[in-house]
Structure formats: structure tokens, C-alpha cells
Amino acid sequence: MQFSVSVGILCSQAASMVPSTNVPTKTKSSALCFEETKQELRNVQQACIVALKQWSVGEEQMNNGLFFIESNIAAATDEKQISPIGFDIIFPAMIEYAKNLDLNIPLGAMNLEALVHQGELELKRGNGSNSEGRRTYLAYVSEGLGKSQDWEMFLRLSTRLYVRLLMVDSLERLGIDRHFKEEIKSVLDETYRYWLQGKEEVFLDTATCAMAFRMLRVNGYDVSSDPFTRFSQQDHFSSTLGGYLMDIGVVLELFRASEIIIHPNESVLEKQNLLTRHILGRELSNGSIHTDRLNKYIVQEVDNALKFPYHANLERLSNRRAIEHYNKNNTRILKTSCCSLNICNEDFLKLAVEDFNSCQSIHREELSHLARWVTENRLDKLKFARQKLAYCYFSAAATLFPPELSDARISWAKNGVLTTVVDDFFDVGGSEEELVNLIQLVEKWDVNVSTDCCSKKVEIIFSALHSTICEIGDKALTWQGRSMTSDIIDIWLNLLKSAMKEAKWLRDKSVPTMDEYMKNGYISFALGPIVLPTLYFLGPKLSKEVVRAPEIRHLFELRALVGVFSMIYKALRGSLMKGN
């Protein structure tokens, strides 16, 4: 086993160190692309000059291999070249192994001495350390040290699952994952099965474990954060291979995983977030993160991750950043180069660009339709009301971007515009008589607007509410198979009555208790008419029992309270900045 793998390592490491300008297309492809390397490894092993010498066959092929090494040996000592992990230790050892077979490796004494010196320096770097990370690293390069007892650990360091997860992550980041639902489900189901079984394919490699956790959680799989206990402290993190080598890619994966907190008291993830944020910030600020031809956007990735937390990220903006920074040559350098054609795929990028532009074209048409809707409903005539159409539509399109969710976006945007108008009407635009009149009209619903409205402002607002609610209700009938109009009316009535209560507090100059304010505030924050009707257009059929379930109500209340607290925080911050 040791001989077989060593032969493959010798060939693949030699190829990995060759400058891209000197590598023929076929050689470069097999060196840099994991899927090809995995399939061709046996052939590479059989074709390797060491194997051929051992078997006393293939004189011509041996000569070709020797010429290849002689032509490119300068890359082995070129500090500007990107080195596989442990190259300085493994490659010289493999050269010695070849010389023991009486192979005349055309290196020259100076080149060999330089290689051996580099290996010695690499080994001295960790002298005195007995950490788990150091021991893992030595096991990882054990063929260069002759430690056959560590080969079992080496063989467990697989990249197969990592590559499959990276492919899914790439599709999701580019915003084209909806085109590959079945393939993605297959990968995630397999990963979840491995996770539950505690397989080393998931847990032995830090980056794989972190990525598996993050992707399983965000896709609705139930996974515990317990495995991250060993990564949440500096000394424990340093005991991993990624921590020992201070692999920024690994740190970044741990940071992304630490953001997916969904249960109370997940202190392990909070600690991990603090640790990895500190490491990334430190490495970014002191310029220790370097770009190269294999990952020229790594600095931007780290900067974006720190600037845009997962919970505060808008999906479509994230997709655009991913498209702009998509690295077609993204390669993970381990012992050999790892680059899957399923990840660094120019066709994926082309599809992502076309898909993004196609969606953007649809969004522009919808925004034009909404602008006409505002004019037709005379909402632009209400001078007291803020004009927030672009804002309301953008907040929908930034997340609900697929073409098939057009009804959801339109519902979200129209109700967003109307809640802004109503909020301003109750705050500054309407008299007490007009506020009461509007509520009564919605309660009665079937009214004569020409006689029952007490003012032009009330007529405009009620007419817009009535036509929009009926339109959304009719569309929801198609999606849900039952009338939803009465439910939408009830949602709006709750908002109007809540706004009326706040208007009364303001008019009477009365100060509610915190409990009173919060109970009313989560409704007056006006998420109800925006979010709840949108649920009807996302696909699943929602029964009355589901729509009115206490759990749904509680989730909505929590989400609305986040908005209320955010609003209070911004108001207090603004007041403090003004010195009040």
C-alpha cells in the first residue's frame, strides 16, 4: 500500500509544482482536476517511472518521465510556486526512494541539496510541539518520513465528500441551485446519513465537517453543533490539520458554520464565531491573506464574510457577488491539487449569468407594472405618504427572485406600499374622523365608496386596499384551491386597529407600559400584510389549521419583534448621536 500511494504522490506532486505556462494541457488537467485525478490515479501509478523501474518495463516512458522532471525541477525550489502540503518533505524522500532503485534522477547535487534543506526546515518548524495538529500533519506526510504506522490516518483524509459539498455550495452561491434540486438532495441526503453514522468522511477533515454542518442546517436537516466543541477554543482548533497550517479557507468555513445558530444556548458556536472572526480579522488587517492564481478572490471572500453576516445577507446581492468573484480555477491545495470540474466550471458561471440577467429582466417588467399600479390607484396623489415602491419591491426581489415567484413578489411589494401609506396616514395624514372611517369601511367591506368615504384621502386608500386585497385573494385561490380574501382582510384589520391604538396614545399623550407597547408593536410594525399573504404564493398548500396555528403566530410575532427592537435601537442611537 505504501509503495502504491507513494508512486502516485511522486507523480502528482511533481506535476503540481510545474508552472502553468510549462504544463501541457493533459498534464495540467490531471494535476489540477480532482475528478480526473481520482479516475486516472491507477494509470498514473502504473505509468510512474518508479513503478516501471521496479517492474523493469517501459524504458521509453521512464525516459519521458525523467525528462519531465529534469525540465521542470526548477519549480521545486521556486518559492513563488504554490506548494502542496508537505511537498518539501515528501518529494525529496520520493527522490531518494527512486535513487535506491538505481534510477538516475537528473537533479544535480545543488538541486537535491536545496530540496533536502527545505524539507529539514519544514520539519524543524514544528519541533517541540506534540499537539494533535502536529501529529496529524506528520501522519499526513508520513510517506516522506517512512512512518508506515500512520498510513491508516492518511488514507482516511478523503476529499470526495468535500468536493461534492463544495459543488452544492457553489450552485447555491451562484443562485442556480433550483435547477439541480434532485442532484443536491442526493448529496445532502448522503451527507446527513454520514453525519448520523458519525463517519470519518465528515468529521475527520475540519473544512468538510464545517461545510456539512452549515449546508445541512440551512437546508432543513436536524444536526447538532456538538462536534464543534473541539474547534471553539484556540488550543483545540490548533490541534486540527487546518488549524496547525493556519489554512484561511478552513477558518472561513468554520466562521460560516458558526453563524448558523438556530437553538438557544449554542455557546459552542458563539465561541467558535468569536475565535474565527478574530483570526480572519487579524489575518486580513495584517495582510497575511495572499491571493494567488488558484484563489485570487480569497481576500474579498473573507472581507465579505465579515461585512455581511449570514442573518443579514440578501440572497440576490450575495449571488451577484458570487458571480462577480467566481473563480474558475479555484483549487484546494492539499497533498496534491484538488479541483473538481463540477466546481470550477465555466458552464456554471455562464448559466448563472444568463439566469441572473433573465430574472433581472422580469424584475424590471414587474417594477414597471407596479409603477403603473401606483399611478392608477392615485397613491402618488397622497402628498403626506412616502413613496417607497422601489424599496418595497427590492426587499421582495432580493430574496424571492425566481421567475415562478412573481405573484409572491407582487403581493409583497403592493402590500408594502400600502402599509407605508397607511402608516403615514395614521401618523400624520389623517384626522381622527378619517382614521375611524377607514377602519369602518374595511370592516363592512362591501360599501359605496362615492357616498361612504368621508374624504378623498380615505376614498383613495380604501379603494386601493379593496382592489389589491381582492386581486391577491383571487390569485391565492389558484395557488391554494380555496378563497383567502377574508383572511387577508382580517390581517389588514388587525394592522389598522393597532395603528389606531398608537394614534390614540399619541393624541392623548399617554405612555403605554412596555408590555402594552410590545404587544401592540409587533402588529403595528406592519409585517402582517406584507409577509403572511406572500406565504400563499410560495408553493405548499396551507390549510386553515396551518395558517392559524399557534406556532405560525408565534414565529411571526418573534420576527416582527426583531423589527420593533431594531427600530427602537435605531431611534435611540440617533438620539444619542444628537446628544439627547
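That block above? That's the structure.
> What exactly am I supposed to notice about the overall build of the protein here?
Looking only at helices and strands, the protein has 30 helices and 2 strands in total. Relative to its 580 residues, the protein shows a buried fraction of 47%. Once local pairs closer than 6 in sequence are excluded, the contacts in the protein between residues at least 24 apart make up 70%. As displayed, the protein offers around 29300 Å² of accessible surface, 54% of which is attributable to carbon and sulfur atoms.

> What's the story with the environment of Val202 in this structure? I'm lost.
Relative to the helices and strands, Val202 resides in helix α12 (residues 200-203). Not counting chain neighbours up to four residues away, the residues in contact with Val202 comprise Leu161, Thr191, Tyr194, Trp195, Thr208, Cys209 and Ala212.

> Hey, could you run me through the nonpolar core in this one?
By size, the foremost hydrophobic cluster in this structure holds 51 residues, and its most contacted members are Leu379, Phe426, Leu438, Val442, Ile461 and Trp492. Counting only elements with at least two residues in this core, the list comes to α20 (346-376), α21 (389-397), α22 (406-429), α23 (432-444), α25 (456-480) and α26 (485-508). With near-sequence residues (within four places) excluded, Leu438 lies in contact with Phe425, Phe426, Val458, Ile461, Phe462, Leu465 and Leu496. Within the second largest apolar cluster, 41 residues are counted, among which are Leu165, Leu174, Val187 and Phe213.

> Help me understand the packing of aromatic side chains in this model?
How two aromatic rings sit relative to each other is set out by the distance from centre to centre and by the angle between their planes. For the structure shown, the criterion picks out 10 aromatic pairs. The positively charged end of Arg316 is found above the aromatic ring belonging to Phe401, 3.9 Å away from the centroid. The ring of Tyr391 is capped by Lys388, whose NZ or CZ atom sits 4.7 Å from the centre of that ring.

> What's the story with unusual backbone geometry in this structure? I'm lost.
What you tend to see is this: most non-glycine residues have negative phi, and most peptide bonds are trans. Even without being glycine, Arg378 reaches a positive phi, approximately 60 degrees. For Arg378, a relative accessible area of 28% puts it in the partly exposed group. We note that Trp445 has phi near 70 degrees; this positive angle belongs to a residue other than glycine. Its place among the elements puts Trp445 in the loop between α23 and α24 (449-452).

> I tried to follow helix α27 (residues 514-524) on my own but got confused; where do I start?
An α-helix turns once per 3.6 residues; consequently, residues spaced three or four apart project the same way. Within the span of α27, buried status applies to Met518, Asn520, Gly521, Tyr522 and Ser524. The inward-facing, buried residues of α27 abut α26 and α30 (550-577). Backbone geometry just after α27 places Ala526 at a positive phi near 75 degrees.

> Can you help me understand the packing of helix α16 (residues 248-258) against helix α17 (residues 267-285) in this one?
The relative placement of two packed helices is expressed as an angle between their axes plus a distance between the axes. Running from N to C, α16 and α17 point in directions that differ by 140 degrees, and their axes come no closer than 8 Å. Between α16 and α17, the angle is such that the two are oblique. Seen along the crossing, α16 lies across α17 with a hand that is left-handed. The residues of α17 that touch α16, namely those facing Ile248, Val251, Leu252, Leu254, Phe255, Ala257 and Ser258, are Leu269, Gln272, Asn273, Thr276, Arg277, Ile279, Leu280 and Glu283.

> Whenever I open this one, α20 confuses me. Can you help?
With 31 residues, α20 should cover 45 Å at 1.5 Å per step; its first-to-last C-alpha distance of 45 Å lies within 8% of that length. Of all the positions in α20, only Phe348, Leu349, Ala352, Asp355, Phe356, Cys359, His363, Glu366, Leu370, Trp373 and Val374 are classed as buried. Looking at the buried positions of α20, the neighbouring elements they touch are α10 (160-174), α19 (315-324), α21, α22 and α25. Backbone geometry just downstream of α20 places Arg378 in the positive-phi region, at approximately 60 degrees.

> Where do I start with the side chain of Glu266 in this structure?
Along the chain, Glu266 turns up in the loop between α16 and α17. Classification of Glu266 by relative accessible area gives buried; the value is 6%. Separated by 2.5 Å, the side chains of Glu266 and Arg217 make a polar contact. Every residue in contact with Glu266, bar those within four places of it in the chain, is listed here: Arg217, Ser225, Ile260 and Ile261.

> Sorry, what's going on with the pattern of salt bridges here?
Once the charged atoms of two side chains with opposite charge are near each other, the side chains can pair. What the rule picks out here adds up to 28 salt bridges. Note that Asp303 and Lys307 form a salt bridge whose closest N and O atoms lie 3.1 Å from each other. Of this pair, Asp303 and Lys307 both sit in helix α18 (residues 298-307), 4 residues apart, which is roughly one turn of the helix. A salt bridge links Glu443 to Lys497; the shortest N-O distance between them is 3.4 Å. You can see Glu443 sitting in helix α23 and its partner Lys497 sitting in helix α26, a full 54 residues away along the chain. When salt bridges that share partners are traced, they join Asp169, Arg173, Arg214, Glu253, Arg256 and Glu301 into one network.

The rules we used
- Residues numbered from 1 in each chain as written.
- Predicted model: local features only at pLDDT ≥ 70, side-chain atom pairs only at ≥ 80, totals over all residues.
- Heavy atoms only, no water.
- Helix = DSSP H or I, 4+ residues; strand = E, 2+ residues; numbered from the N terminus.
- Buried < 20%, exposed > 50% of the residue type's maximum accessible area, 1.4 Å probe, protein only.
- Contact = heavy atoms within 4.5 Å.
- Areas by Shrake-Rupley, 256 points an atom, 1.4 Å probe, with all protein chains shown as cover.
- Core = buried A, V, L, I, M, F, W, Y, C linked by side-chain atoms within 4.5 Å.
- Phe/Tyr/Trp six-rings, centres within 6.5 Å; stacked < 30°, edge-to-face > 60°.
- Lys NZ or Arg CZ within 6 Å of the ring centre and 35° of its normal.
- Axes fitted to C-alpha atoms, helices over the stretch in contact; angles between N-to-C directions.
- Parallel < 35°, antiparallel > 145°, perpendicular 65-115°, else oblique.
- Left-handed = near helix turned anticlockwise from the far one by under 90°.
- Expected span 1.5 Å × (residues − 1).
- Polar contact = N/O pair within 3.5 Å; in protein donor to acceptor, adjacent residues only side chain to side chain.
- Salt bridge = Lys/Arg side-chain N within 4 Å of Asp/Glu carboxyl O.

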